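One letter stands for each residue in the lines below.
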Amino acid sequence: MTTTEEITEDLPPGTTPYYARMHKWIKRAVLVCLVALVLEGAFTLPFMAVYYGYPTLSLTQICSELLKVRYSDDTLECKFPYPPLGPPEGAEGKDTARDIWGIQPIPQYDRLGFRELVDRYEARQARLAGQGG
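The name an unreviewed UniProt entry gives the chain is Transmembrane protein, with Mycobacterium adipatum as the organism.

Undergrad: Explain unusual backbone geometry here, please?
TA: Trans peptide bonds make up most of the peptide bonds, and negative phi angles are found at most residues other than glycine. Following Phe 80, the chain continues to Pro 81 via a peptide bond in cis, the omega torsion being -5°. Summarising the element assignment, Pro 81 is placed in the loop between helix 3 (59-71) and helix 4 (116-132). For Arg 115, which is not glycine, the phi dihedral falls at a positive 55°. Within the secondary structure, Arg 115 sits in the loop between helix 3 and helix 4.

Undergrad: Mind showing me how you'd approach the state of the cysteines here?
TA: In protein structure, a disulfide is the covalent linkage between the sulfur atoms of two cysteines. Here the structure, examined in full by the defined rule, presents 1 disulfide. Paired by a disulfide, Cys 63 and Cys 78 hold their sulfur atoms 1.8 Å apart. Given an S-S torsion of about -70°, the disulfide between Cys 63 and Cys 78 has left-handed geometry. With Cys 63 in helix 3 and Cys 78 in the loop between helix 3 and helix 4, the pair connects residues that are 15 residues apart, well separated along the chain.

Undergrad: What is the right way to look at the environment of Thr 15 in this model?
TA: Checked against the element boundaries, Thr 15 lands in the loop between helix 1 (4-9) and helix 2 (20-52). In this structure the C-alpha to C-alpha distance between Thr 15 and Gly 132, which are 117 residues apart in sequence, comes to 72 Å. Other than its neighbours up to four places away in sequence, Thr 15 contacts Ala 20 and His 23.

Rules used in this analysis
- Residues numbered from 1 in each chain as written.
- Predicted model: local features only at pLDDT ≥ 70, side-chain atom pairs only at ≥ 80, totals over all residues.
- Heavy atoms only, no water.
- Helix = DSSP H or I, 4+ residues; strand = E, 2+ residues; numbered from the N terminus.
- Disulfide = S-S within 2.5 Å.
- Contact = heavy atoms within 4.5 Å.

Quick look at the structure:
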């Protein structure tokens, strides 16, 4: 016959025999949730990149276009590689944003449609070419 001391030796520290089954199922549920989060993150970026125009624009160009829309400033560009001691992301464009700032900021830019960044990029390039020549 097993004693209580032998049963508790097999359990992780801090787990009593009464809660051992519950701890086992909580550990399994947390592991499943972590795996699901990793898979979701791994598949979200490629689909978002294609939505914003990846084959036509590079990831750095997409980042730059998103900054231009978010902060209403056509001069902002994403830096790659980002300088190690540079300002935090968005710090240099915050003063040009037309958002309502507060505890919960309210963005004042339009929602982007499918591959709309490509159209904005091409229109900006055409405008710059028209001004230069």
